[in-house]
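# Observations on the model geometry
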Amino acid sequence: MRLVLLGPPGAGKGTQAQILVEAYGIPQLSTGDMLRAAIAAKTPLGLEAKAIVDRGDLVSDVIVSGIISDRMDEPDCAQGFILDGFPRTIAQADTLTHMLDRKGLHLNGVIEITADADVLVERIINRARESGGARADDNEEVLRKRLAVYAEQTAPLVNYYAERGLLRTVDGMKPVEEVTAAIQQALQ
Ligand code: ADP
């Protein structure tokens with residue numbers, strides 16, 4: 001099973017990804033987590049990405065495509081994976097299509113998790129409070145920037161994947177278990 005999770009910050013992609021990891025026995029490939037790990041480890045890539053991530057902008061397509069392609073080649077991805085946070089632009093989606101073609105793979109579906117903008121802000125402010133400020137980009141100002149970047153650069157992927165017959169939309173305002181059930185039903 002090869003999936004993409006699509007949705008604005010705070011929609012619940014990470015939460016659902018963790019549940020699907022258990023359900024399908026395939027790993028979550030989160031570009032956000034990978035970048036945060038690189039930043040924490042102060043690798044050359046992390047040093048380059050830090051300022052960009054901290055202000056809520058997107059790091060370059062070349063960087064994220066490279067880390068995703070390498071990660072897909074690891075043995076635990078043989079049965080599939082859940083992409084979370086990639087692709088985030090039309091250019092990244094085209095890159096993903098070519099990347100999978102080259103590897104002889106295809107996507108089973110793209111799950112769009114929707115949520116109202118005011119709820120997203122509330123959820124992320126709560127996440128920031130509960131995690132004691134673990135993520136430098138989880139503050140209201142940067143969050144508004146991330147939401148704007150999503151609307152401008154990532155939301156067009158909804159049509160992109162709808163046109164390719166891959167899009168399944170679920171309501172992320174429902175309780176976590178209901179969202180999971182809706183995703184699993186959409187994938188049958
Ligand atoms: P969110 O909770 O906002 O969906 P993520 O954890 O997925 O955030 O990503 C955090 C940050 O990492 C983004 O704001 C961006 O700076 C960077 N990032 C993650 N994935 C990508 C990507 N595919 N392309 C460019 N930048 C990315």
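One structure accompanies this document, and this report is about it. All values reported here derive from a predicted model rather than from experimental measurement. (Residues numbered from 1 in each chain as written. Predicted model: local features only at pLDDT ≥ 70, side-chain atom pairs only at ≥ 80, totals over all residues. Heavy atoms only, no water.)

### Focus on the overall build of the chain
Helix and strand counts for the chain come out as nine helices and five strands. Shown N-terminal to C-terminal, the secondary structure of the chain runs as helices and strands in the order β-α-β-α-α-α-β-α-β-α-α-α-β-α. For the chain, whose C-alpha radius of gyration is 16 Å, the value lies close to the compact-globule estimate of 16 Å for 188 residues. Once the C-alpha set of the chain is aligned to its principal axes, its extents read approximately 40 × 40 × 30 Å. Counting the 188 residues in the chain, one finds 44% classified as buried. (Helix = DSSP H or I, 4+ residues; strand = E, 2+ residues; numbered from the N terminus. Rg over C-alpha atoms; globule rule 2.2 N^0.38 Å. Buried < 20%, exposed > 50% of the residue type's maximum accessible area, 1.4 Å probe, protein only.)

### Brief notes about the pattern of salt bridges
All told, the structure shown has 14 salt bridges when counted by the stated rule. Of the charged contacts, one joins Lys 145 and Asp 57 as a salt bridge, the two residues approaching to 3.2 Å between their closest N and O atoms. Of this pair, Lys 145 sits in helix 7 (residues 140-154) while Asp 57 sits in the loop between helix 3 (44-54) and helix 4 (61-72); the two residues are 88 residues apart in sequence, bridging distant segments of the chain. Judged by its relative accessible area of 35%, Lys 145 is partly exposed. Across the pair Asp 73 and Lys 103 runs a salt bridge whose closest N-O atoms are separated by 2.8 Å. Within this pair, whereas Asp 73 is found in the loop between helix 4 and strand 3 (81-84), its partner Lys 103 is found in helix 5 (residues 90-103), the two being separated by 30 residues in sequence. (Salt bridge = Lys/Arg side-chain N within 4 Å of Asp/Glu carboxyl O.)

### Side note on the side chain of Ser 69
In this fold, Ser 69 is placed in helix 4. Judged by relative accessible area, Ser 69 falls into the buried class, the value being 14%. Not counting residues up to four positions away in its chain, the partners in contact with Ser 69 are Met 99 and Lys 103. (Contact = heavy atoms within 4.5 Å.)

### Observations regarding the site of the ligand
Around the ligand lies a shell of 19 residues, among which Thr 31, Asp 57, Gly 85, Gln 92 and Arg 146 are the nearest. Note that a nitrogen atom of the ligand is positioned 2.7 Å from one of the side-chain N or O atoms of Thr 31. Surface burial for the ligand is 96%, taken as the share of its 560 Å² of free accessible area covered by protein chains. At four residues, the largest contribution of residues to the shell around the ligand is made by helix 2 (residues 31-40). Of the residues belonging to the shell around the ligand, the class tally is seven nonpolar, four polar and eight charged. (Near = heavy atom within 4 Å. Polar contact = N/O pair within 3.5 Å; in protein donor to acceptor, adjacent residues only side chain to side chain. Areas by Shrake-Rupley, 256 points an atom, 1.4 Å probe, with all protein chains shown as cover. Nonpolar A, V, L, I, M, F, W, Y, C, P; charged D, E, K, R; others polar.)

### Considering the packing of aromatic side chains
Evaluation of the coordinates by the stated rule reveals one aromatic pair. For the ring pair Tyr 160 and Tyr 161, a centre distance of 4.9 Å and an interplane angle of 80 degrees mean the geometry is edge-to-face. You'll find Tyr 160 and Tyr 161 in the same group, each marked buried. Note that Arg 164 overlies the ring of Tyr 160, its terminal NZ or CZ placed 3.7 Å from the centroid. (Phe/Tyr/Trp six-rings, centres within 6.5 Å; stacked < 30°, edge-to-face > 60°. Lys NZ or Arg CZ within 6 Å of the ring centre and 35° of its normal.)

### Regarding the packing of helix 2 against helix 3
Between helix 2 and helix 3, the least distance of the axes is 8 Å, while the angle of their chain directions is 115 degrees. The way helix 2 lies across helix 3 gives a crossing that is left-handed. Within the contact between the two elements, helix 2 uses Leu 35, Ala 38 and Ile 39 and helix 3 uses Leu 45, Gly 46, Ala 49, Lys 50 and Val 53. Each residue belonging to the contact of helix 2 with helix 3 can be placed in one class, and the counts come to six nonpolar, one polar and one charged. (Axes fitted to C-alpha atoms, helices over the stretch in contact; angles between N-to-C directions. Left-handed = near helix turned anticlockwise from the far one by under 90°.)

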